[in-house]
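# Observations on the model geometry
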Number of protein chains: 2
Amino acid sequence: MQNFYRQACDELICALHEVLGNPLSPMSLHEPEFAGNEWTYVKECIDTGWVSSVGKFVDGFERQLVQATGARHAVAVANGTAALHMALLLAGVDRGDEVLVPAMSFVGTANSVAHAGAVPHFVDSESGTLGMDPRALRAHLDQVAQKTTGGLLNRLTGRRIAAIVPMHAFGHPVDLEGLLEVAANFGLPVVEDAAESLGSTYKGQHTGTFGLLGILSFNGNKVITTGGGGAILTNDEALARRAKHLTTTAKRPHRWAFVHDEVAYNYRMPNINAALGCAQLERLPDFLSRKRHLAQRYRKVFSESNIFDFVDQPGGCESNFWLVAIRLRQPNAELRDLLLAAVNDAGYQCRPVWTLLNKLPMYLDCPRAALPVAQAIEDSLINLPSSPKLAQSPQ
Amino acid sequence: MQNFYRQACDELICALHEVLGNPLSPMSLHEPEFAGNEWTYVKECIDTGWVSSVGKFVDGFERQLVQATGARHAVAVANGTAALHMALLLAGVDRGDEVLVPAMSFVGTANSVAHAGAVPHFVDSESGTLGMDPRALRAHLDQVAQKTTGGLLNRLTGRRIAAIVPMHAFGHPVDLEGLLEVAANFGLPVVEDAAESLGSTYKGQHTGTFGLLGILSFNGNKVITTGGGGAILTNDEALARRAKHLTTTAKRPHRWAFVHDEVAYNYRMPNINAALGCAQLERLPDFLSRKRHLAQRYRKVFSESNIFDFVDQPGGCESNFWLVAIRLRQPNAELRDLLLAAVNDAGYQCRPVWTLLNKLPMYLDCPRAALPVAQAIEDSLINLPSSPKLAQSPQ
């Protein structure tokens with residue numbers, strides 16, 4: 001172990017040095033870049049006084065998102081967790097239902113399910129995409145689920161299974177065709193958690209636009225940022241209208257009267273954050289180009305390694321490579337932590353994948369499938385610095 | 001009616017004209033003003049790349065809020081509804097509980113209760129403060145509530161009554177001493193909805209700092225704005241720490257690992273919004289001075305009216321006069337609507353109070369006290385343009 005650790009550590013630090021150079025100050029995992037119209041648009045908000053609930057940048061940002069993703073409708077909201085909470089309600093998830101989510105995801109995926117009053121039901125990933133595995137999902141549902149007139153029942157818990165939420169981890173698209181087929185077979189709506197995959201496509205179509213609804217995140221560490229923000233994507237006009245209504249306190253339009261017609265949320269994105277988003281989206285093609293170029297350099301430097309595998313985009317997909325990932329060929333959580341300590345000490349901010357959600361104290365008792373692949377990913381994966389500024393656009 | 005309407009309409013439009021002048025373009029109810037360090041601070045966020053979850057402006061804004069309110073702790077969050085949702089959870093409100101809220105409030109007050117899984121229980125206002133009436137509340141609780149070992153029970157619904165949420169309407173402080181006494185007698189925590197009362201004091205102490213917790217809002221129409229934002233106030237250090245934890249996904253601090261220890265929320269305020277807040281808070285004394293000066297001019301112009309009463313700050317209180325209000329001496333919802341149509345047509349943006357919450361479709365079945373005063377307020381109150389820019393600082 002000691003010798004192998006030394007070898008792995010040397011190899012990893014050499015690779016980081018080759019791709020990124022010597023860090024003069026700690027090199028972040030992912031930093032935003034504001035070199036476009038950010039200040040112009042934000043200044044316009046401040047100068048006109050339109051910083052808050054309504055304003056042209058919210059509408060403009062939603063239009064730009066429609067253009068960038070090909071979704072018919074986009075509704076800007078406060079953040080990705082809020083977006084997923086709303087998308088689940090809009091997909092018909094009710095209090096006491098179960099929602100199928102990957103065990104390997106950010107905690108926001110499961111929290112959104114809990115916020116909707118439902119219970120996350122954790123399923124396994126596949127090694128190739130890192131995301132939900134359609135074959136494992138089908139086998140699991142064949143075992144635990146039963147079709148009834150009231151919907152798909154979990155025979156072990158007696159609860160209704162109400163939706164499937166695949167998540168495109170680190171920007172790599174899941175096997176959407178496989179998952180859509182399983183969803184159709186079992187009569188379940190798909191809500192895509194595309195929080196990390198703005199700019200990623202599956203067979204040429206943007207992630208987040210395959211399910212009944214999809215969601216994006218514009219947190220500070222994402223490909224583009226609005227400070228804090230998210231969006232709901234859908235091709236269904238009625239759902240889009242309800243998404244806007246439900247995220248803006250369900251107020252009926254009136255010149256002065258305050259009538260709200262359902263329990264709703266203040267999940268809107270302020271105009272000043274949308275202004276940032278408009279400028280950032282203009283830069284998306286450049287960010288993607290540089291991030292893919294950076295990924296290519298990482299790919300190359302790890303291509304001959306016997307210790308690490310570069311996590312590449314699945315076939316037929318274009319990933320945004322939000323966070324570049326490598327995996328220990330032999331999963332080993334202790335070695336992973338030793339390596340993380342070493343590279344972080346050397347000034348390269350690297351991180352493991354999230355603790356599997358089924359192991360967090362509040363989700364320990366939730367239903368789950370066998371999770372051998374997710375566990376192997378957790379024990380082997382390391383994310384590397386991935387900011388667009390770390391690479392120039394390819395010539 | 002026709003003649004009386006004419007007389008009331010003429011009087012109201014003359015008064016508005018005298019205080020505000022002729023509107024060249026529609027005169028808003030409440031507009032933010034950015035004439036301080038807003039640019040400088042927001043630009044610093046963009047230039048440094050710190051727009052998102054952490055950053056010095058979030059910490060700075062919280063420190064400034066502590067100074068401005070005298071609360072021991074302030075936690076900045078996404079908006080007032082999120083702040084109240086969290087404050088209710090922190091005060092121990094559980095799913096299925098009831099929470100006493102004024103029927104006369106913004107829908108966010110009741111929605112926060114619903115988001116916590118609890119049921120709003122509507123109580124009456126008093127004419128002098130517009131806010132929750134301690135005498136009516138005590139009489140109502142004497143009638144419906146029963147102290148048990150499990151807490152205070154609503155005998156009619158069997159549910160536990162878990163908290164009291166007074167709201168300082170339009171900036172006018174409620175009768176806090178009266179309400180705190182009722183709360184103590186019935187063993188209930190007080191959570192102050194001070195969304196509208198930043199800068200308002202009761203016997204020299206800032207509103208929002210009397211209860212176990214209080215909340216503020218910095219929506220675009222408030223005295224100061226962060227685009228969208230809110231804060232939780234408390235003097236209890238443990239509650240403040242839990243408020244920060246619960247609003248930032250309950251992540252345990254670690255150099256790289258992702259361990260979250262409870263179902264939590266992404267309710268944080270982004271740094272770019274906090275930057276706006278820091279600059280706005282610096283201007284608060286000037287905004288308050290001008291708003292009080294504007295209120296004084298409205299007070300004077302309505303002092304001789306036989307039709308309208310100026311809604312003044314309660315004795316012993318300093319109101320921020322967030323929205324100046326007048327009331328028809330004889331409540332009359334039809335006349336109120338005719339007047340609203342006329343003044344809005346004349347270019348003065350005026351509005352009625354919110355539809356009483358117990359009348360909204362989703363809250364029709366909620367428990368409630370008799371609400372004669374709230375009803376009279378709804379049928380008589382009109383808010384008038386109240387932006388600080390409508391008055392100069394007094395010489």
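From a predicted model like this one, the values you see are computed outputs, not experimental measurements. (Residues numbered from 1 in each chain as written. Chains lettered and ligands numbered in written order. Predicted model: local features only at pLDDT ≥ 70, side-chain atom pairs only at ≥ 80, totals over all residues.)

### A short note on the environment of Phe321 of chain B
All names here are of chain B. Note the following rule: Comment: elements are numbered from the N terminus, with helices defined as DSSP H or I runs of at least four residues and strands as E runs of at least two. This entry defines residue contacts through backbone-placed C-beta atoms, with two residues in contact when those atoms are within 7 Å.
Within the secondary structure, Phe321 is located in the loop between β13 (317-318) and β14 (324-328). Between the alpha carbons of Phe321 and Val311 there is a distance of 9.5 Å; along the sequence they are ten residues apart. Dropping the residues within four chain positions of it, Phe321 is found in contact with Gly171, Lys291, Arg292, Ala295 and Ser386.

### Description of helix α4 (residues 80-90) of chain B
All names here are of chain B. Here is the rule we go by: Residue burial here comes from a neighbour count, namely the number of other C-beta atoms, placed from the backbone, that lie within 10 Å of the residue's own C-beta, with 20 or more meaning buried, 12 or fewer meaning exposed, and in between meaning partly exposed.
Within α4, eleven of the eleven residues are buried, leaving the element largely enclosed by the surrounding structure. Of all the positions in α4, only Gly80, Thr81, Ala82, Ala83, Leu84, His85, Met86, Ala87, Leu88, Leu89 and Leu90 are classed as buried. Downstream of α4 by a residue or two, Gly92 has a phi angle that is positive, lying close to 95°.

### Regarding the sheet that holds strand β11 (residues 230-234) of chain B
All names here are of chain B. Selection rule: In short, DSSP must find at least two bridges between two strands for them to pair. Inter-axis angles, ranging from 0 to 180 degrees, are taken between N-to-C directions of lines fitted to C-alpha atoms, where helices are fitted over the stretch in contact.
Across the sheet, which stays open at both edges, the four strands sit in the order β1-β11-β10-β7 with mixed pairing between neighbours. Both outer strands of the open sheet, β1 (73-77) and β7 (191-193), are each paired with one neighbouring strand and no more. Ignoring which end each strand starts from, the neighbouring axes of this sheet average 20° apart. Judged from the five bridges that link them, β1 and β11 form a sheet pairing that is antiparallel. Each residue of the ladder has a partner; that of Val77, found in β11, is Gly230. Its contacts with the sheet place helix α3 (residues 56-69) against β1 and β11, and it is angled at close to 130° to β1. Packing against the sheet, α4 makes contact with β1, β7, β10 (213-217) and β11, and its axis sits at approximately 170° to β10.

### Regarding the interface of chain A and chain B
Rules: In this classification, the charged set is Asp, Glu, Lys and Arg, the nonpolar set is Ala, Val, Leu, Ile, Met, Phe, Trp, Tyr, Cys and Pro, and all remaining amino acids, among them Gly, are polar.
Residue-level contacts link 51 residues of chain A with 51 residues of chain B. When contributions to the side of chain A that touches chain B are tallied by element, the ones reaching two or more residues are α2 (38-48), α5 (107-115), α9 (271-302), α10 (333-345) and β15 (351-352) of chain A. When residues in the side of chain A that touches chain B are grouped by element, the largest group, five residues, is from α2 of chain A. The residue makeup of the side of chain A that touches chain B, split by class, is 24 nonpolar, 19 polar and eight charged.

### A few points about the relation of the copies chain A and chain B
Stated precisely, the cut-off is as follows: For the least-squares superposition of copies, only C-alpha atoms count, and only for residues with pLDDT at least 70 in both.
Superposing chain A onto chain B requires a rotation of 180° together with a translation of 0.0 Å along the rotation axis, leaving an RMSD of 0.0 Å. What the superposition gives is, in effect, a two-fold axis relating one chain to the other. Both copies present the same face, since 100% of the interface residues in chain A are matched by interface residues at the equivalent positions in chain B.

### Regarding helix α9 (residues 271-301) of chain B
What counts here: A helix is expected to reach a length of 1.5 Å times the quantity of its residues less one. Across the chain, bend at a residue is computed as the angle between axes fitted to the seven residues ending at that point and the seven starting from it.
Over its 31 residues, α9 of chain B runs 43 Å from end to end, which matches the ideal 45 Å to within 8%, given 1.5 Å per residue. At Arg283 of chain B, α9 of chain B is bent by approximately 50°, the largest bend along its length, and proline Pro285 of chain B sits one to four residues beyond.

### A few points about the sheet that holds strand β9 (residues 205-206) of chain B
Residue and element names in this part refer to chain B. With antiparallel pairing, three strands are arranged side by side in an open sheet as β9-β8-β13. Strands at the two margins of the open sheet, each flanked by one partner only, are β9 and β13. As defined by bridge partners, strand β8 (residues 201-202) adjoins β13 across two bridges and the pair is classed as antiparallel. Each residue of the ladder has a partner; that of Tyr202, found in β13, is Cys317.

### Quick notes on the domain arrangement of chain A
Residue and element names in this part refer to chain A. Filter applied, for reference: Start and end positions for the domains come from either an automated domain assignment or a database one.
On domain assignment, one finds that chain A holds domain 1 (2-31 + 283-390) and domain 2 (38-281). With centres defined by C-alpha atoms, the gap from domain 1 to domain 2 works out at 25 Å. With 36 residues of domain 1 at the contact, the number on the domain 2 side is 44 residues. Listed by contribution, the elements that provide at least two residues to the side of domain 1 that touches domain 2 are α9, β13 (317-318) and α11 (372-378). Within the side of domain 1 that touches domain 2, the residues separate by chemical class into 25 nonpolar, seven polar and four charged.

### Here's the deal with the confidence of the model for chain A
Note the threshold: Every residue is assigned a pLDDT by the predictor, reflecting its confidence on a scale from 0 to 100.
Taken over all residues, the pLDDT of chain A has a mean of 96, while the share at 70 or more is 99%. ipTM for the predicted complex: 0.95, alongside a pTM of 0.97.

### Focus: unusual backbone geometry
Even without being a glycine, Thr249 of chain A presents a positive backbone phi close to 60°. Along the chain, the position of Thr249 of chain A falls in the loop between α8 (237-246) and α9. For Thr249 of chain A, a count of 21 C-beta atoms within 10 Å corresponds to the buried category. The phi dihedral of Phe170 of chain B is positive, around 55°, even though this residue is not glycine. Using a count of 23 C-beta atoms within 10 Å as the deciding quantity, one classes Phe170 of chain B as buried.

### As for the pairing of strand β6 (residues 160-164) of chain B
Residue and element names in this part refer to chain B. When you tally the buried positions in β6, you get four out of five residues, the bulk of the element. With three bridges connecting them, strand β2 (residues 98-102) and β6 associate as parallel partners. In the sheet register, Glu98 faces β6, and the bridge partner there is Ile161. Connecting strand β5 (residues 151-154) to the antiparallel partner β6 that follows it, the hairpin turn spans five residues, and Gly158 within it adopts a positive phi of roughly 80°.

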